[in-house]
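Structure at a glance
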Amino acid sequence: MSVIFCALGSGSKGNSYLVGNDKNKILVDAGLSTKCIVDNLMCLGINPDEINGIVVTHEHMDHIGGIRVFSKKYGVPVYANEKTASAIIRKIPDIESKNLRIFNNGESFYIGSLDIAPFKTPHDSVCSCGFSIYSGVNKVTVATDLGHINSSVMENLKNSDILVLEANHDLEMLIKGPYSAFLKQRVQGPKGHLCNEICGQTLAKLLDFGLKQVILAHLSEENNTPEIAYNTVIKHLQQRGAQENKDVFIDVAQQYQRGKCYRII
């Protein structure tokens, strides 16, 4: 069964990704406004009523800012692990609890024909996770907000037809940038965000495991640029002998612009 993917928006101001097939469609996070999400979906020829669920990585507002309005307006269930769901209720007390569904990290569940496999990720939230989403044999993996790549995360990244991986910051830009010393330490800490270099090194290791299409995501507006992230990642892939746009394809998700819609058959 084919799978579609589109980054509706990605960055510190809000994140949301469309994943689905001809039968079912979900959002991974809804940190954008409902208007922004709906406008993007309509531009793709998708009615918001077609969304069967929102799966939430963690409770930070750039990932959940739009869930209350969207889920209520279109009757869309919100899926989160128990700790994240509790944190969402604390942050958004008027969210309709009847729309909340609980999953356990490490245990797959289905939304229609989509097989969702949540896995734990290292981030400074109550219980953050990434998702591998299967449509038949096709696999889309979304992994952002990562302080580091551990063995469990690496296993879940392997053999993805489409991989969304964080390239949050250029370390030199972060160190020389305007953030406070505390915030700089948080970002580059083991439960912070993934830098371009580690992202590139990780992708280079994944070349042996079916890596083909990558979307670099959650770029910092203050401590990164799409060009720097792209060039850093390509450098690591080329060092492993990979040719861009032949062996592997790299795209960069934007904060204020919808990305390309991919379909893997």
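Look up a bit, the structure's there.
Our subject in this report is the structure included herewith. Worth saying up front: this structure is predicted, and the values here are computed from it rather than measured. (Residues numbered from 1 in each chain as written. Predicted model: local features only at pLDDT ≥ 70, side-chain atom pairs only at ≥ 80, totals over all residues. Heavy atoms only, no water.)

**Description of the pairing of strand β5 (residues 78-81)**
In plain terms, the rule: A simple rule labels every residue: compare its accessible area, found with a 1.4 Å probe on the protein chains alone, to the largest value its type can have, and call it buried under 20%, exposed over 50%, or partly exposed in between. Labels follow the DSSP assignment, with helices taken as runs of H or I lasting at least four residues and strands as runs of E lasting at least two, numbered in each case from the N terminus. Note on pairing: two strands pair once DSSP finds at least 2 bridges between them.
Covered by surrounding structure in β5 are V78 and A80 together with Y79 and N81, the residues of both alternating faces. Taken together, the four bridges between β5 and strand β6 (residues 100-103) define a ladder with parallel strand orientation. Considered in β6, the bridge of Y79 is made with R101.

**Considerations on the side chain of H60**
How we decide: Contacts are assigned to residue pairs with any non-hydrogen atoms lying within 4.5 Å of each other.
When you line up the elements, H60 lands in the loop between β4 (51-55) and α2 (61-64). Setting aside chain neighbours within four positions, we find H60 in contact with K91, H123, D124, S125 and R186.

**Let's talk about the sheet that holds β4**
Note the cut-off: Axis lines are fitted to C-alpha atoms, over the contacting stretch for helices. Their N-to-C directions set the angle, which ranges from 0 to 180 degrees.
With mixed pairing, seven strands are arranged side by side in an open sheet as β6-β5-β4-β3-β2-β1-β14. Edge strands, defined here as strands with exactly one partner in the open sheet, are β6 and β14 (262-264). Pairs of neighbouring strands in the sheet enclose a mean axial angle of 25°, with direction left out of account. Against the sheet, helix α3 (residues 67-74) contacts β3 (25-28), β4 and β5, and its axis sits at roughly 155° relative to β4. Sitting on the sheet, helix α4 (residues 82-91) touches β5 and β6, and the angle it makes with β5 is about 120°.

**Let's talk about the sheet that holds strand β10 (residues 138-143)**
Taken in spatial order, the seven strands of this open sheet run β7-β8-β9-β10-β11-β12-β13, and their pairing is mixed. Of all strands in the sheet, those bounded by a partner on one side alone are β7 (109-111) and β13 (249-252). Going from strand to strand, the sheet's axes swing by 25° on average, the running direction of each strand aside. Where β7 lies against strand β8 (residues 114-120), three bridges are found, and the strand directions are antiparallel. Counterpart to F109 in the pairing with β8 is I116. Those strands touched by helix α8 (residues 196-206) are β11 (162-166) and β12 (213-217), and its axis lies near 155° from that of β11. Sitting on the sheet, helix α9 (residues 226-239) is in contact with β12 and β13, with an inclination near 160° to β13.

**Quick word on α8**
Those residues of α8 that fall on the buried side of the exposure criterion are N196, C199, G200, T202, L203, A204 and L206. Along its buried surface, α8 packs onto α5 (151-157), β11, β12 and α9.

**With respect to the packing of aromatic side chains**
So the rule is basically this: Aromatic rings from Phe, Tyr and Trp, with only the six-membered ring used for Trp, were paired whenever their centres fell within 6.5 Å, and each pair was classed as stacked if the ring planes differed by under 30 degrees, edge-to-face if by over 60, and tilted otherwise. For a Lys NZ or an Arg CZ to count as sitting over a ring, it must be within 6 Å of the ring centre and within 35 degrees of the ring normal.
Tallied over the full model, the rule gives five aromatic pairs. Look at F5 and Y17: their rings are 6.1 Å apart centre to centre, the planes differ by 20°, and that puts the pair in the stacked class. Placement of F5 in strand β1 (residues 3-9) and of Y17 in strand β2 (residues 16-20) is noted, with a sequence separation of twelve residues between them. An aromatic cluster of at least three residues, connected via ring pairs, comprises Y79, F103, F109 and F131. For K158, the ring lying beneath its charged end belongs to F209, and the centroid distance is 4.2 Å.

**Brief notes about the environment of D124**
Among the structural elements, D124 can be located in the loop between β8 and β9 (129-135). Accessibility expressed as a relative area gives 30% for D124, which makes it partly exposed. Residues D124 and H60, spaced 64 residues apart in sequence, show a C-alpha to C-alpha distance of 9.5 Å.

**Some words on the side chain of H58**
Stated precisely, the cut-off is as follows: Under the rule applied, a polar contact is a pair of N or O atoms within 3.5 Å (in protein, one hydrogen donor and one hydrogen acceptor; residues adjacent in sequence only if both atoms are side-chain atoms).
Note that H58 resides in the loop between β4 and α2. A polar side-chain atom of H58 sits 2.9 Å from a polar atom in the side chain of T57. Of note is the side chain of H58, whose polar atom sits 3.3 Å from the side chain of H60. The contacts of H58, once residues within four sequence positions are left out, are D29, H63, I64, T84, H123, S125, S128 and D145.

Scope: geometric values only; no functional claims are made or implied.
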